Amino acid sequence: MEFNGVIQKFKGKKILVIGDIMLDEYIWGNVDRISPEAPVPIIEVTKESQNPGGAANVACNIYCLKGSPLLVGVVGDDNAGKRLKEILREKKMDISGIFVDSTRPTTVKTRLVVETLHQQIARIDREKKHPISKKVVNNIIGFVNSVKAEFDAVLFEDYDKGTLDSRIIKKIICAVPDKIITADPKFEHFFEYEGVTLFKPNRREIEFALGVKLSSKNIKEIGQKLKERLKCKSVLITLGKDGMALFDSKGKHMISTKAREVYDETAAGDAAIAGATMALAAGASFLEAAYIANFTAGIEVNKFGAVPVTYDELSQAVGMGFSK
């Protein structure tokens, strides 16, 4: 397979990214003593940083792979929402598809990190998971219908935070029957993505949705049944250190893990779905797209936090052949 030829066609591919938008915060500090108030470490803060998270991180991956993403989702009427849109504007990304819902806060994940070890010791989540209002649903569907003709692919990024439910998922899938559609599911709406081009669950999501333990003995049966149940063209199961399993019209394909070193698994799934979607939009086969997803995930786990994979990093990794 000639991956470089596929990657060279990434430039300018337009991807509509729809899903749960978040703000990722990192509080870095040093720990050298235990609190006298309770048996917990005292963190002396040295720096703080903020990055787009969730579907916003997927859109940033698309952008850094030289694609042209349009992010569609919801933030709250709060400082976190304003800051997230400001960061995206600074990156020269289109934020016209981000809607404000005053009934819910912007989802914020705050990670406490020991700087000398690059080790996360706690995470604080601020969020409301109830479904977005019917008004906002209609706004999103209306917006997607107004821009859908411009895009090469539609990507659903679901974190079970309330943006995506059966109303939005099914209406948008029906609205873009001629487009490449990829989906990165979570738990609650796992079986709503009927008819997509590529469905990318991980091991934990499958085990939760099906109530079975995934193993090398049953993965072929589960993958094929999932493909049939969802009536999708392909299923790409991410298996962490065990790589990925692709199910398409040609059967099952096992792809071994491509990470040179696993440093942090945060956002590996975001990178994988971004890479796979860009590859399909560039005309790749399902197997080529799966390998490229494996490349991007392998690069991502070598980074700390949700740091997008760049076009140059992917091209270099392919050239080195570390993932073959």
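Residues numbered from 1 in each chain as written. Predicted model: local features only at pLDDT ≥ 70, side-chain atom pairs only at ≥ 80, totals over all residues. Heavy atoms only, no water.

Student: Just to check I follow, could you spell out the packing of aromatic side chains for this structure?
Tutor: The geometry of two aromatic rings is summed up by the distance between their centres and the angle between their planes. Tallied over the full model, the rule gives 11 aromatic pairs. Relative to Phe-143, the ring of Phe-99 has its centre 5.9 Å away and its plane inclined at 85 degrees; by these criteria the two rings are edge-to-face. Taken together, the residues Phe-99 in strand β5 (residues 98-100) and Phe-143 in helix α4 (residues 134-147) connect sequence positions 44 residues apart. The structure contains a cluster of three or more aromatic residues connected by ring pairs, namely Phe-156, Phe-190, Phe-191, Tyr-193 and Phe-199. If you follow Lys-47 out to its NZ or CZ, it ends over the ring of Trp-28, 4.7 Å from the centre. The cationic tip of Lys-66 hangs over the ring face of Tyr-311; the distance from NZ or CZ to the ring centre is 4.5 Å. (Phe/Tyr/Trp six-rings, centres within 6.5 Å; stacked < 30°, edge-to-face > 60°. Helix = DSSP H or I, 4+ residues; strand = E, 2+ residues; numbered from the N terminus. Lys NZ or Arg CZ within 6 Å of the ring centre and 35° of its normal.)

Student: Explanation requested: the packing of helix α2 (residues 55-64) against helix α8 (residues 268-281) in the structure shown.
Tutor: Geometrically, a packed helix pair is captured by the angle between its two axes and the distance between the axes. Close contact between α2 and α8 brings their axes to 9 Å; oriented N to C, the two are set at 45 degrees. By the angle class used here, α2 and α8 are oblique. Handedness of the α2/α8 crossing: right-handed. Of the residues in α8, those touching α2 at Asn-57, Val-58, Asn-61 and Ile-62 are Asp-270, Ala-271, Ile-273, Ala-274 and Met-278. Here the residues of the contact of α2 with α8 are counted per class, giving 6 nonpolar, 2 polar and 1 charged. (Axes fitted to C-alpha atoms, helices over the stretch in contact; angles between N-to-C directions. Parallel < 35°, antiparallel > 145°, perpendicular 65-115°, else oblique. Left-handed = near helix turned anticlockwise from the far one by under 90°. Contact = heavy atoms within 4.5 Å. Nonpolar A, V, L, I, M, F, W, Y, C, P; charged D, E, K, R; others polar.)

Student: I tried to follow the sheet that holds strand β7 (residues 119-126) on my own but got confused; where do I start?
Tutor: The pairing of strands in a sheet happens through backbone hydrogen bonds and is either parallel or antiparallel. On the basis of which strands lie adjacent, the open sheet formed by 4 strands has the order β3-β2-β6-β7 and mixed pairing. Each edge of the open sheet is held by one strand with a lone partner, namely β3 (41-54) and β7. For this sheet the average axis-to-axis angle between neighbouring strands, irrespective of direction, equals 20 degrees. Summarising the sheet, strand β2 (residues 21-34) and strand β6 (residues 107-114) pair through 8 bridges and their orientation is parallel. Bridge pairing in β6 links Trp-28 to Val-113. Those strands touched by α2 are β2 and β3, and its axis lies near 65 degrees from that of β3. (Pairing = 2+ DSSP bridges.)

Student: Explain the pairing of strand β8 (residues 153-157) to me, please; I cannot follow it from the model alone.
Tutor: Look at any regular strand and the pattern is simple: side chains alternate between the two faces of the sheet. Across the 5 residues of β8, 5 count as buried, placing the element largely inside the fold. Residues Ala-153, Leu-155 and Glu-157 of β8 are buried on one face, and the alternating residues Val-154 and Phe-156, pointing to the opposite face, are buried as well. With 5 bridges joining them, strand β1 (residues 14-19) and β8 adopt parallel strand pairing. Paired with Val-17 across the bridge in β8 is Leu-155. Pairing of β8 with strand β9 (residues 180-184) involves 5 bridges; the strand directions are parallel. (Buried < 20%, exposed > 50% of the residue type's maximum accessible area, 1.4 Å probe, protein only.)

These values are about where atoms sit, not about what they do.
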